[in-house]
Each structure stands twice: as structure tokens, then as C-alpha cells.
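Fold and contact review
Residues per chain are reported as follows:
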Amino acid sequence: MEEIIDPTIIQNSIMNSRGCCAMKGTSPDDLSINQSSCCKLSSTDWLSNYTDGNSGSNIYVVEVRFKNGRKDFYTHSPDIALKKGEVVAVDASPGHDIGIVTLAGQLVEAQMKRKNVDINTKDLKKVFRHARSTDIEKWFEVISMEDKIMLKSRTIASDLHLDMKINDVEYQGDKTKAIFYYTADDRVDFRELIRKLADSFRVRIEMKQIGARQEAAKVGGIGSCGRETCCSSYMSSFSSVSTTSARAQQLSSNPQKLAGLCGKLKCCLNYEVDDYVDTMKDFPDSSIPLRTKKGKAYFIKNEVLKKTMWYAYEGDSQNMMSLPIDKVKYIIEQNNSGKLPVELEKFADKNTQAEVVNDSTSDDLSGYV
């Protein structure tokens, strides 16, 4: 009978090399440091406590995670009962790999649909069996080798004068293949490197180029917000980020403030942009000046989430006033009908109206987001 390893032991043993919030050299029981629930490749099964006898599925598919951002769907035999957290041996090319089940049951179909995976058209690989104790031992052995192999491979690449950086190494569970992740600005001829790596480590070598965002996710670090970078803590996929997101949120146009550790635009620029875009639909046209008996007032800036607009009289940009957008719309309607309010001060928000500091009109508007 196959020996099934306790998934809790596995989660505590693989540490952060397989995407879990754990720190080497600490007690697995210290949940203030080690939290197996916050693996960046974990999937939340919100149907785990839901049972419906009429919702059975004939699709035997599970989601399996490996290292860093690698996760895929695998079919399995109806004779194999799989649960979340179990360690399995799966089909690989060549041989087999070891992974952890992150999702099983009826929610897998919804996950496949979300990721545009059609089981009828895509040829999925198979789950062979639950991992045996010998599989686990060999898996732990190769995991412990990865950091040393990465450092040695960097030395070999440096000796060959290759303009590239090896960021990470991932061994296949059966120790027959190793994937070397690297970044490079230009095309690299690494044929000689592959020969030397194969001779040194006696495994099949696969080179995989990654981008700056993927490199930052593997290396990790602390962002300008003071927290661990999102890509290394929980993000497993990346969406394109453009300066349009920054402009919609009235952020500084300074590239140094918009760039993350990877040198690209921060992923968090996309987090709230939809709220800003939706809210801005309620704002009136900022190019329309507000006419009063005291004089014309021109638009200075927005506070989007507060739904206020700042105006200043012509020739007096140092004294700005904050007006709710409904008051701005009212004044524009009055102007269109030929009526002029006495002054803007009666419409201004008294709580937000304050003396303007000298740099209030600078490009750095991050304080208003």
C-alpha cells in the first residue's frame, strides 16, 4: 500500500522555496512568521464546505503548483482520490515531477474557465499517483541543492563572459532535469553554457528567459510602501501597466516614483485605477471656467475620491478653494443661464479650504491619491 505523506509536514518542510510564507531556521509552529495559508500559488476553495449531490462532475482534473509562478492543470484517474495540500507525482518531459495539489473538486472547472483552459481541446498531462516517501526524499534533496547550483552556474556564466544573469534554478522532482531562469538585455548564445552545466551537474538542462517583473518576483524585496513586494508575496500573474493609470490617479509623472524594484511601472498602479475612472465620469468638464461677479475662476486640480475640484481666481492662483462637484455643476448651470454667483467662497468646502503652500502646484500630487 502506498504511503501518503501528511501534507502539513510537507508544507512546513519545503519552506519558502515553493512559494510559502515561511522562514528558514524558525519553528513551523510560529504562525506569526510561518503561515502555510499564504502561499502565493495557493487557491481558495470557496466551495469546500458546499455539497450538492446533483452537481457531480465527470471531469477528473486538479490544479497543481510547483515553484514560484509555475502552476498547471492535470487529469487523474477516478481511482485516485485527491485533496488540496497533497503531494503528487505528475507527468513531465521527461520523467515525472513532484507538486502540491492546490485545488480539487468542482471548483477546478470554474478555475479552468477563468484561465481559458478547455479540457476538450487542450491535452492535459496526468497525475501518476500520490508521492511516495522515496519521491519526497529525493524531492527534498533536489530542493536543498537549488541555491548552491544557482550560485555555481552564475560563476560558470561569468567565466564564459556571457551578458546574462541566472536568477533561479528549479529542479524537476525526479532529479533528471533542471530549469535555469535567466534575464538578459540582448540575445545570448548559451550553447557552451548548457554543455558546461550538463557536464557539471549531470542533468538535462533547460534555459528559460524571464522578464524584469518575473525576476523581481523570484528575488523579492521591500517596496517603497514599506511592505514586501506584491509580486513576491502573492501575485502569480502580471497585467500590463501603462502611464495612463498614473494619469487617471493624478500621480507624479516622475518615472522614479512610478517604477518598482524591477525598473518597470509598479503593478499597484492598476489596483485602484478602475475606481478613479468610474468616479471621474461624474466630474464636469474642467476646461470650463467658473464665472462670478468677483471674477473668473479656473480649474487647478481634482481630488477624485473626495469628489471635489479646486479652483482659483484669475491672477490669484495662491488662494485655491475646494468645491464639491455638485456645486461646480450648479455654478456651470447658472452661468449657462446667464446668472453669476457673487463669489465662490460661499460654495467652498470650509473643512478642506486651507492656505496653499508654495509647492501645491508641483507635479507631485501623490498626496491627493
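Residues numbered from 1 in each chain as written. Predicted model: local features only at pLDDT ≥ 70, side-chain atom pairs only at ≥ 80, totals over all residues. Heavy atoms only, no water.

On to helix α2 (residues 107-114), then. Among the residues of α2, those classed as buried are Leu 107, Val 108, Gln 111 and Met 112. Seen along its axis, α2 keeps its buried residues to an arc of 145°; they face one direction. Buried positions along α2 lie against β1 (61-65), β2 (71-75) and β4 (96-103). Following α2 by one or two positions, Asn 116 has its phi on the positive side, about 55°. (Buried < 20%, exposed > 50% of the residue type's maximum accessible area, 1.4 Å probe, protein only. Helix = DSSP H or I, 4+ residues; strand = E, 2+ residues; numbered from the N terminus. Arc of directions from axis to C-beta. Contact = heavy atoms within 4.5 Å.)

What follows covers the sheet that holds strand β10 (residues 295-303). Strand order in this open sheet of four strands is β9-β10-β11-β12, and the pairing throughout is antiparallel. What marks the edges here is a single partner per strand, and that holds for β9 (290-292) and β12 (320-324). Taking each pair of neighbouring strands and ignoring which way they run, the sheet shows an average axis angle of 35°. Across six bridges, the pairing between β10 and strand β11 (residues 308-313) is antiparallel. (Pairing = 2+ DSSP bridges. Axes fitted to C-alpha atoms, helices over the stretch in contact; angles between N-to-C directions.)

This brings us to the sheet that holds strand β7 (residues 177-183). Through backbone hydrogen bonds, the strands of a sheet pair up, either in parallel or in antiparallel fashion. Strands sit in the order β6-β7-β8 across an open sheet of three strands; the sheet is mixed. Sheet topology places β6 (165-171) and β8 (204-209) at the edges, where each strand pairs with a single neighbour. Direction aside, neighbouring strands of the sheet carry axes that sit 25° apart on average. Of the pairings in the sheet, the one linking β7 to β8 comprises six bridges and is parallel in character. Bridge pairing in β8 places Lys 177 opposite Arg 204.

Turning our attention to the pattern of salt bridges. Scanning all chains against the criterion turns up 16 salt bridges. Here Arg 70 and Asp 97 are joined by a salt bridge, their closest N and O atoms 2.8 Å apart. With Arg 70 in the loop between β1 and β2 and Asp 97 in strand β4, the pair connects residues that are 27 residues apart, well separated along the chain. Ionic pairing is found between Lys 281 and Asp 278, a salt bridge with its closest N-O pair at 3.7 Å. A single network of salt bridges, built from pairs that share partners, joins Glu 63, Lys 71 and Lys 115. (Salt bridge = Lys/Arg side-chain N within 4 Å of Asp/Glu carboxyl O.)

Take the confidence of the model for the chain next. Averaged over the chain, the pLDDT score is 80; the fraction of residues at 70 or greater is 79%. Scored below 50 in pLDDT, residues 9-13 shows 13 contacts in the model against residues more than four places distant or in partner chains. Counting contacts from residues 31-37, a segment whose pLDDT is below 50, to residues more than four positions away or on other chains yields 11 contacts. (pLDDT = per-residue confidence, 0-100.)

Moving on to the environment of Pro 289. With respect to the secondary-structure elements, Pro 289 resides in the loop between α9 (273-280) and β9. A C-alpha to C-alpha distance of 9.8 Å links Pro 289 and Ala 312, two positions 23 residues apart in sequence.

Moving on to the side chain of Thr 279. In this fold, Thr 279 is placed in helix α9. Of the residues examined, Thr 279 reaches a relative accessible area of 14% and is grouped as buried. In this structure Thr 279 touches Val 304 and Lys 307, once residues within four positions along its chain are discounted.

The next point concerns the environment of Ser 144. Of note, Ser 144 is situated in helix α3 (residues 133-159). It is 9.9 Å that separates the C-alpha atoms of Ser 144 and Tyr 171, two residues lying 27 residues apart in sequence. Here the side chain of Ser 144 touches Glu 141 through a polar contact of 2.6 Å, landing on its backbone oxygen. (Polar contact = N/O pair within 3.5 Å; in protein donor to acceptor, adjacent residues only side chain to side chain.)

Relative to strand β5 (residues 125-130), β2 is paired through two bridges, and the arrangement is parallel. Within β5, the position partnered with Tyr 74 by the bridge is Lys 125.

Further remarks concern the packing of aromatic side chains. Counted by the stated rule, this structure contains six aromatic pairs. Centroid distance Trp 139 to Phe 140: 5.9 Å. Interplanar angle 20°. Geometry classified as stacked. With relative accessibility at 1%, the residue Trp 139 sits in the buried group. Assessed through its relative accessible area of 30%, Phe 140 is described here as partly exposed. The side chain of Arg 70 reaches across the aromatic face of Phe 66, ending 4.1 Å from its centre. Cation over ring: Lys 301 sits above Trp 310, and NZ or CZ is 5.0 Å from the ring centre. (Phe/Tyr/Trp six-rings, centres within 6.5 Å; stacked < 30°, edge-to-face > 60°. Lys NZ or Arg CZ within 6 Å of the ring centre and 35° of its normal.)

Of note, the bond from Ser 93 into Pro 94 is cis; its omega dihedral lies within 30 degrees of zero at -5°. Looking at the element boundaries, Pro 94 is found in the loop between β3 (87-91) and β4. Located in the positive-phi region is Arg 202, a residue other than glycine, with phi close to 60°. Its location among the elements puts Arg 202 in the loop between α4 (191-201) and β8. Judged by its relative accessible area of 69%, Arg 202 is exposed. The backbone of Lys 307 sits at a positive phi, close to 55°, despite the residue not being glycine. Tracing the backbone through its elements, the reader meets Lys 307 in the loop between β10 and β11.

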